[in-house]
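Structural characterization, general
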Amino acid sequence: MAEPVKVKVFVAAMFEIGQNTGDRAGEFQHWYERYWKGSTPVTVPGALQPVYCNADGVCGSVLGMGKVNSSSSMQAILTSPKFDFSKAYYVISGVAGTPPSRGTIGEVSWATWLVDYDLGHRWAPEENKAGEPTFMPRKGYEEYRRFKLNPELVAWAMKLSADTPLKDSDSAKAYRLRYPQAAARRAPFVGTGTHMTGDTFFHGPGLSNQAQYIAKLYGADDYVITEMEAAAITLVIKRQHGTDRVMSLRGAVNFDQGNPRETTLQHLDPAPGETAGGFAETVENIELVGSRVVDHIVVNWPQWQAGVPALAQR
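Anyway, here's the lowdown on the structure attached to this text. Here the structure is a predicted model, which is why all the values come from computation and not from measurement.

**With respect to the overall build of the protein chain**
- Counting its regular elements, the protein chain contains nine helices and 13 strands.
- Expected size for 314 residues packed as a compact globule is a radius of gyration near 20 Å; at 19 Å, the protein chain falls within 12% of this value.
- Here the C-alpha coordinates of the protein chain stretch approximately 60 × 45 × 45 Å along the principal axes.
- Residue burial in the protein chain is summarised as follows: out of 314 residues, 54% are buried.
- Side chains of the protein chain carry 31 positive and 33 negative charges; the gap between the two charge centres is 5 Å.

**Let's talk about the packing of helix α2 (residues 67-78) against helix α6 (residues 230-241)**
- The contact between α2 and α6 brings their axes to 8 Å, and the two run at 25°. When the interaxial angle is binned, α2 and α6 end up roughly parallel. The two elements α2 and α6 meet at a crossing, and its hand is right-handed. Here α2 contributes K67, S70, S71, M74, Q75 and L78 to the contact with α6, which in turn contributes A232, I233, V236, I237, Q240 and H241.
- Of the residues belonging to the contact of α2 with α6, the class tally is six nonpolar, five polar and one charged.

**Some thoughts on the layout of surface pockets**
- Its boundaries defined by the atoms lining it, the largest pocket holds a volume of some 680 Å³.
- Around the largest pocket sit 34 residues that line it, and A96, F201, H203, V253 and N254 are the ones nearest its centre.
- The set of elements that each furnish at least two residues to the lining of the largest pocket consists of β6 (89-98), β12 (223-227), β13 (246-255) and α7 (264-268).
- Size it by volume and the second largest pocket reaches roughly 230 Å³.
- Together, 14 residues line the second largest pocket, and P125, E132, T134, G206 and Q210 are the ones closest to its centre.
- The element best represented in the lining of the second largest pocket is helix α5 (residues 205-217), accounting for five residues.
- Partitioning the lining of the second largest pocket into residue classes produces five nonpolar, six polar and three charged.

**Structural notes on the pattern of salt bridges**
- Using the criterion set out here, one finds 14 salt bridges in the structure.
- The salt bridge partner of D84 is K6, with a shortest N-O separation of 3.6 Å. A residue pair is termed long-range when its members are at least 10 positions apart, and D84 in strand β5 (residues 83-84) and K6 in strand β1 (residues 5-6) qualify at 78 residues.
- The exposure class assigned to K6 is exposed, which follows from its relative accessible area of 58%.
- Linking E143 and K238 is a salt bridge whose minimum nitrogen-to-oxygen distance equals 3.8 Å. Remark: K238 occurs in helix α6 and E143 occurs in the loop between β9 (135-136) and β10 (146-148); sequence separation between them is 95 residues.
- Look at K238 and you get partly exposed, because its relative accessible area is 33%.

What counts and how
Residues numbered from 1 in each chain as written. Predicted model: local features only at pLDDT ≥ 70, side-chain atom pairs only at ≥ 80, totals over all residues. Heavy atoms only, no water. Helix = DSSP H or I, 4+ residues; strand = E, 2+ residues; numbered from the N terminus. Rg over C-alpha atoms; globule rule 2.2 N^0.38 Å. Buried < 20%, exposed > 50% of the residue type's maximum accessible area, 1.4 Å probe, protein only. Lys, Arg positive; Asp, Glu negative; His and termini not counted. Charge placed at Lys NZ, Arg CZ, Asp CG, Glu CD. Axes fitted to C-alpha atoms, helices over the stretch in contact; angles between N-to-C directions. Parallel < 35°, antiparallel > 145°, perpendicular 65-115°, else oblique. Left-handed = near helix turned anticlockwise from the far one by under 90°. Contact = heavy atoms within 4.5 Å. Nonpolar A, V, L, I, M, F, W, Y, C, P; charged D, E, K, R; others polar. 1 Å grid on protein atoms, 1.4 Å probe; cavity = no way out; pocket = protein on both sides within 12 Å on 5 of 7 lines; lining within 4 Å. Points joined across faces, edges and corners; volume = space filled by probe spheres on them. Salt bridge = Lys/Arg side-chain N within 4 Å of Asp/Glu carboxyl O.

Right under this line is the structure:
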């Protein structure tokens with residue numbers, strides 16, 4: 001049997017549109033074209049898609065959307081004898097939503113915390129006192145309802161990528177002006193905060209406020225990104241190798257609620273021509289930001305293989 005591939009960095013995407021190259025790009029295509037074009041796909045039983053690796057030890061795969069889908073693929077890949085993940089770093093990469101009070105279309109965010117939106121007790125607003133939260137934590141979930149990612153690694157990621165020139169689109173620029181919030185009207189930027197993982201694709205100011213409430217309830221940073229996989233994938237990695245080398249990187253392609261002149265349903269199911277735009281630019285931004293960190297780790301592998309190096313104080 002061939003020696004296992006010694007993985008330095010593993011990039012996990014959730015979906016691709018069509019082929020891995022040559023057509024409309026989803027979450028994986030820009031990564032694939034940078035690191036794995038022409039590489040041999042490695043089939044892993046139990047994983048949704050093959051794994052690709054280059055000669056530098058950068059590997060990646062499309063894991064699937066949602067918590068169960070993505071985490072089962074990650075489990076299969078991590079336990080495959082074809083790979084050695086003992087020193088690997090991870091970039092969980094994909095598109096996401098953002099509250100207009102915290103982010104904007106085209107922004108890219110490194111997670112400081114990952115919080116599971118679904119674990120707990122939740123009930124209908126009409127069965128509660130007006131204005132009070134309709135979510136309560138449930139005992140027993142403490143070890144996997146939230147993950148604080150390595151602050152030193154987040155600091156490195158920001159140092160290496162905060163000044164990345166980001167793409168923007170005319171449609172996204174126009175769409176932002178529908179929102180009164182200053183954050184929503186910003187040009188794309190690189191930031192940090194809590195990423196909220198939920199299989200429920202929640203929409204509207206009420207559920208957005210609830211997500212922020214959960215983040216604060218758990219002692220995490222402000223909720224800035226809504227996505228569907230990262231906490232589950234991180235739990236799988238934690239049980240095998242811990243979380244010190246895990247990064248979550250998301251680009252915002254939608255707001256988690258409508259503007260003041262539209263209902264939540266109108267925002268969730270927009271009429272033709274009423275979407276945000278900026279998707280193509282955002283998936284490119286994610287790779288532009290993330291590859292800075294991936295490349296730095298690989299080029300400086302002697303300093304990184306034993307763990308995250310100390311970051312020099314400014």
